[in-house]
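What follows is the residue order along each chain.
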Amino acid sequence: MIPFHGSTLRRWRDGRSIESWQAHDGPIQAVIKLPSGELVTGSSDQTLKLWRGKTCAHTFTGHTDTVRGLAVMPDLGILSASHDGSIRLWAVTGQVLMEMVGHSSIVYSVDSHASGLVVSSSEDCSAKIWKDGACVQSLEHPGCVWDAKFLEDGDIVTACSDGVVRIWTTQQDKIADPLDLESFSLQLSAYKLSRKRVGGLKLEDLPGLEALRAPGTSDGQTKVIREGDNGVAYTWNMREQKWDKIGEVVDGPEDTSRPVLDGVQYDYVFDVDIGDGEPIRKLPYNRSDNPYDVADKWLLKENLPLSYRQQIVEFILANSGQKDFTLNSSFRDPYTGANAYIPGEASHVAAKSMKPTFKHIPKKGMLVFDVAQFDGILKKVTEFNGSLLSDQEKKNVGLTDLEVSRLGAIVKVLKDTSHYHTSKFADADIVLLLKMLRSWPSAMIFPVIDIMRMVVLHPDGAATLLKHINDENDIHMEIIKKATVDPSATANLLTSIRAVANLFKSSAYYSWLQKHRSEILDAYSSCSSSSNKNVQLSYSTLVLNYAILLIEKKDQEGQSQVLSAALEIAEESLEVDPKFRALVAIGTLMLDGLVKQIALEFDVESIAKAAKASKEAKIAEVGADIEILIRQRESEHFHST
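Conventions used here
- Residues numbered from 1 in each chain as written.
- Predicted model: local features only at pLDDT ≥ 70, side-chain atom pairs only at ≥ 80, totals over all residues.
- Heavy atoms only, no water.
- Helix = DSSP H or I, 4+ residues; strand = E, 2+ residues; numbered from the N terminus.
- Buried < 20%, exposed > 50% of the residue type's maximum accessible area, 1.4 Å probe, protein only.
- Contact = heavy atoms within 4.5 Å.
- Pairing = 2+ DSSP bridges.
- Core = buried A, V, L, I, M, F, W, Y, C linked by side-chain atoms within 4.5 Å.
- Domains from an automatic or database assignment.
- Patch = residues over 30% accessible without salt bridge, like charges linked within 9 Å, V, L, I, M, F, W, Y side chains within 5 Å.
- Areas by Shrake-Rupley, 256 points an atom, 1.4 Å probe, with all protein chains shown as cover.
- Salt bridge = Lys/Arg side-chain N within 4 Å of Asp/Glu carboxyl O.
- Lys, Arg positive; Asp, Glu negative; His and termini not counted.
- Charge placed at Lys NZ, Arg CZ, Asp CG, Glu CD.
- Phe/Tyr/Trp six-rings, centres within 6.5 Å; stacked < 30°, edge-to-face > 60°.
- Axes fitted to C-alpha atoms, helices over the stretch in contact; angles between N-to-C directions.
- Parallel < 35°, antiparallel > 145°, perpendicular 65-115°, else oblique.
- Left-handed = near helix turned anticlockwise from the far one by under 90°.
- Nonpolar A, V, L, I, M, F, W, Y, C, P; charged D, E, K, R; others polar.
- UniProt positions renumbered as here; feature names shortened; annotations may be inferred.

Before going further, it helps to examine the overall build of the protein chain. Along its length, the protein chain carries 18 helices and 27 strands. Expressed as a percentage of its 641 residues, the buried residues of the protein chain come to 46%. Counting only contacts in the protein chain whose residues sit at least 6 apart along the sequence, the fraction spanning at least 24 positions is 49%.

As paired strands, strand β6 (residues 48-52) and strand β7 (residues 55-60) are joined by five bridges and run antiparallel to one another. Pairing of L48 across the sheet is with F60, part of β7. In textbook terms, the turn of a hairpin is the stretch between consecutive antiparallel strands, and for β6 and β7 this stretch comprises two residues, one of which, G53, has a positive phi near 65°.

In this section: the nonpolar core. Counting 95 residues, the largest nonpolar core has W440, L513, Y524, L542, Y546 and I586 as the members making the most contacts within it. The biggest single contributor to this core is helix α13 (residues 533-552), with 11 residues. Split by domain, this core shows at least three residues from each of two domains, domain 4 (359-526) and domain 5 (528-640). Apart from the residues within four sequence positions on either side, Y546 is in contact with F504, L513, H516, R517, I520, L521 and V562. By size, the runner-up hydrophobic cluster in this structure holds 15 residues, among which are V272, I312, I316 and L317.

A cluster of acidic residues, E568, E571, E572, D603 and E605, forms a negative patch at the surface. For the negative patch, the element with the most residues is helix α14 (residues 556-572), which contributes three residues. Topologically, E568 is positioned in helix α14.

Per the counting criterion, the structure on display carries nine aromatic pairs. Arranged with centres 5.8 Å apart and planes meeting at 80°, the rings of W168 and F184 form a pair that is edge-to-face. With W168 in strand β18 (residues 165-168) and F184 in helix α1 (residues 178-195), the pair connects residues that are 16 residues apart, well separated along the chain. In this structure W168 comes out as partly exposed when scored by relative accessible area, which is 21%. Pairwise contacts between aromatic rings join Y268, F270 and Y285 into one cluster.

Relative orientation of the contacting elements helix α5 (residues 401-415) and helix α6 (residues 427-439) amounts to 115°, with a least axis distance of 10 Å. The angle between α5 and α6 places the two elements in the roughly perpendicular class. Handedness of the crossing formed by α5 with α6: left-handed. Touching E403, R406, L407 and I410 of α5 are A428, D429, L432, L433, K435 and M436, all from α6. Counted by class, the contact of α5 with α6 contains six nonpolar, no polar and four charged residues.

A few words now on the UniProt feature "repeat: WD" (unreviewed entry) in the protein chain. Residues given the UniProt feature "repeat: WD" (unreviewed entry) here are residues 21-51, 60-90 and 100-131. Taken end to end, residues 21-51 is 0% helix and 55% strand, and its two terminal C-alpha atoms sit 11 Å from one another. Span residues 60-90 is 0% helix and 61% strand, its end C-alpha atoms 8 Å apart.

Attention now goes to the environment of N230. Looking at the element boundaries, N230 is found in strand β22 (residues 230-237). Taking the C-alpha atoms as reference points, N230 and L206, 24 residues apart in sequence, are found 9.8 Å from one another.

Pasting the structure below:
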């Protein structure tokens, strides 16, 4: 057992301290032992450290606040929970393999299970369950969740600030009886109510209707009265000597009891992971809504297949606690569409069940990299700017205080995603980024590329940047050339691929992307064999986005190049996610594109066969999808002869 105190790591045996050493620059918050016998510590100095004996073998940097909790992820690496609100999965070499963002406050603990699931606990009164980096469920609590751990059977135990330990299960025979569940629901409601504010005031502190019995002291005097679960404002009418009702008071800016999406409050805003490597999508829902209507509108808005309808409805009901809601059995069978109602389709669609059903293809909708650690990015920019200003030969390209302030304003706009539909960028904002990208040394531009990666996801940011792009003055192509001239400069390579992938979010860039397709794919072609998993994943995402775009544009030549790139990734990559996205690109091009025969000539059959034999479920599934397409082609050929 190795307790710790302050910034010192101390080893104990039989109750006696046998050795100690200075380990961190701040208090040590967590320590774990790896299967190899090495130790890992997490500290308030924002770092993790790997120890071999008393020697620090590696320092892990990336978190922007205290590292509070640690856990081992078997066969993968180390999990860390931080006060910056994120969870990270690290390789023992220090490389970040995955970042999980979803908590709205300090994350206190993290744990993993043999199934591959991860659980985290937070001051935001929730424990979250993660799979492949995406939040699949949030467990609400009537207080801060100090700790969460998996039991061997997959159940989760949580420790809450209300003094209660709870066990959560998916096993029906272990679920608590209805009275206990109702009691917990009431505790949760009471806790939320105690935190609810109206007009900046606590709802439970507001006076009841009896306060209206006393007359006002002046005309226009107002009072906020509690009526049920709402605060209602009244004004004193001196002439008629009575209180006139003004209306319900809108929750004040401090209210955090109901989630907000795009400036609107809802009972729930769910994180939805639809698989296929898609980004997490936000699904808003009020308990008074019809879940079927919500599912239909959301699927149309997100440009997703309406065959997902029943899955979305069941997800809503499961996560909003509406277990007694009676599902309409006529809406089942979302995969074949045999019973699911799809607007615009005829009533009898049984014949459709004869068509092949695919698990992962065709892919619809572009993939983007929309998570950024802005504080870390700004910190790195500030560090580099300081180096430039202290170098007599380069100080002229450093930022002034005013420019640093402007950069902070750009990041502030990017952070406020709920106002993307109204917020704007000044032309000078884009000019500043272009200046830095062109004048700063290549080794220092990766955090600036990262800011641009996020700017192009902002509607006005993408449009404003596009105004500065022409044949003679093309910053995107300049960055691609700078990043690929030295593939060993991984930071530039990674951020630039992700920036280009994010351009697919804006249809205004489609003609540019199509025009430069050959140059871009050629420039990044070596990424298929990169030793960096994140570079491989980013490149495969770029290839998949190109497949979707060029199918829409009916560009056969472009589809052929993308198919070749995807086949190369599928054959060479040993990483699951890059291989999966490449296979999805291949299947989508064969199903909806113009290159099915070309794929067959490139022996796609052997690639599909190898994928189908994979131990990774999603690789095997998409391999089976491609095999169906191959058999379908053989069948078509047979009938045509």
